[in-house]
Amino acid sequence: MTDFRDIPHDERDPSPWLALYLDDSTPVPDHVKAAWLKDSSSRSRQFLLPFLRPLARTSIILIQILKVLLPKTWAHSKLLHRTLAFSMNRFVSPEANWLIMRHFHLGSQILAFIGGNAPTKVATNPLEPESIDDIKDELFLKHDLNLFNFVIRLNKTLRAHGQHIGPVPEPDFAMLREPPLRLEDMPRGAFNILDLQSAIEVYTPVYQLLLTDNDFWRASNSLQLDETVAIYAAKILSSPEHLVMLNNKHPLVPLSTLRAGHRLVLHGLSTEMLHCLLIRMATGETPLPSREMAKVKQAAERVMEHRD
């Protein structure tokens, strides 16, 4: 993997990649940031993405028109996921594949964290693929379904018990861990050069074509639940300031599917940052605000008891 620390610093021509790698204003592990920046600085992203993005967005418009003529239930989810797995194995860069595969693990862990720290525990359906071929089991579709089903189950349970998510002085972090996926195990064929953003832009119209309108619309708008999930985590941690890391919002204002590819990249980065923040709080590297708040509350209560 590229070691961005080895990039020489020329003050008359500073490297933007070195600046982004060294910047620690947002929580992203160094090994993930290195893979992300290597993918972002690739020739594929520089030269292919500007051509692929307008073609992909035009395709979305044309497919939407085509969908008017097709039955509403027309879909080939199995074919879609076999196509995605085939292309990821043969055309997508190792860094992009690794980041995509990590995303399923991180998303599952974050939902498990929220479900496990809610006032009443809520079960989740974790997706933890071990290889790209596991994508064939309709993993992308299941990922979107899991998110909406979790939000519905969680809030039905909270409403049924008259409860709300709130600060947890000692949250359960047991479900959080580094995914057992290695970058060096990702396919490295002669044609595995397509960067993450280009791959997502290409996949988005294919996703639209081979799913029902309802499934595609739901997948596109699941991205706006980034804010919803982050608010749940912020309430548990008493850490609302970390909501500034979000870009896919507001959940009550659906956006056009034309920008779904770009927003999906932001979704992946937001997930990486939230997971990193949770790991840092679990290890004590970052202070846990809910714990500190509980200590302050206990101290105040002791003061009041002495006064009485």
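Here, every reference points to the structure presented above.
One structure accompanies this document, and this report is about it. For clarity, every value in this text was computed on a predicted model and none was experimentally measured.

### Focus on the side chain of Asn 192
On the secondary structure map, Asn 192 appears in the loop between helix H6 (139–160) and helix H7 (196–210). Among the polar contacts made by the side chain of Asn 192, one reaches the main-chain carbonyl oxygen of Asn 89 at a distance of 3.2 Å. At 2.9 Å, the side chain of Asn 192 forms a polar contact with the backbone oxygen of Val 92.

### As for the environment of Leu 274
Relative to the helices and strands, Leu 274 resides in helix H10 (residues 260–283). Of the residues examined, Leu 274 reaches a relative accessible area of 12% and is grouped as buried.

### Side note on the packing of aromatic side chains
For the structure shown, the criterion picks out 3 aromatic pairs. Note on Phe 86 and Phe 91: the rings are 6.4 Å apart at their centroids and 70 degrees apart in plane angle, and the pair reads as edge-to-face. With a relative accessible area of 42%, Phe 86 lands in the partly exposed category. The class of Phe 91 is partly exposed, set by a relative accessible area of 38%. Aromatic side chains Phe 113 and Phe 173 sit 5.5 Å apart centroid to centroid with 15 degrees between the ring planes, which places their arrangement in the stacked category. With a gap of 60 residues between them, Phe 113 in helix H5 (residues 94–117) and Phe 173 in the loop between H6 and H7 connect regions that are remote in the sequence.

### Comments concerning unusual backbone geometry
Located in the positive-phi region is Glu 138, a residue other than glycine, with phi close to 55 degrees. With respect to the helices, strands and loops of the structure, Glu 138 is situated in the loop between H5 and H6. Notably, Ser 238 is not glycine yet its phi reads approximately 55 degrees, a positive angle. Mapping Ser 238 onto the fold places it in the loop between helix H9 (225–237) and H10.

### Details of helix H8 (residues 213–221)
Along H8, the residues classified as buried are Asp 215, Phe 216, Arg 218, Ala 219, Ser 220 and Asn 221. Looking at the buried side of H8, the elements it contacts are H6, H7, H9 and H10.

### So, the pattern of salt bridges
What the rule picks out here adds up to 15 salt bridges. Where Glu 201 meets Arg 53, a salt bridge forms, and the shortest distance between an N and an O atom there is 3.0 Å. Within this pair, whereas Glu 201 is found in helix H7, its partner Arg 53 is found in helix H3 (residues 43–69), the two being separated by 148 residues in sequence. Residue Arg 53 is classed as partly exposed on the basis of its relative accessible area, which comes to 22%.

### A look at the side chain of Gln 208
Residue position: Gln 208 is located in helix H7. Residue contacts for Gln 208: discarding those within four places in its chain leaves Ser 59, Ile 60, Ile 63, Gln 64, Lys 67 and Phe 216.

Reading the values: the criteria
Residues numbered from 1 in each chain as written. Predicted model: local features only at pLDDT ≥ 70, side-chain atom pairs only at ≥ 80, totals over all residues. Heavy atoms only, no water. Helix = DSSP H or I, 4+ residues; strand = E, 2+ residues; numbered from the N terminus. Polar contact = N/O pair within 3.5 Å; in protein donor to acceptor, adjacent residues only side chain to side chain. Buried < 20%, exposed > 50% of the residue type's maximum accessible area, 1.4 Å probe, protein only. Phe/Tyr/Trp six-rings, centres within 6.5 Å; stacked < 30°, edge-to-face > 60°. Contact = heavy atoms within 4.5 Å. Salt bridge = Lys/Arg side-chain N within 4 Å of Asp/Glu carboxyl O.

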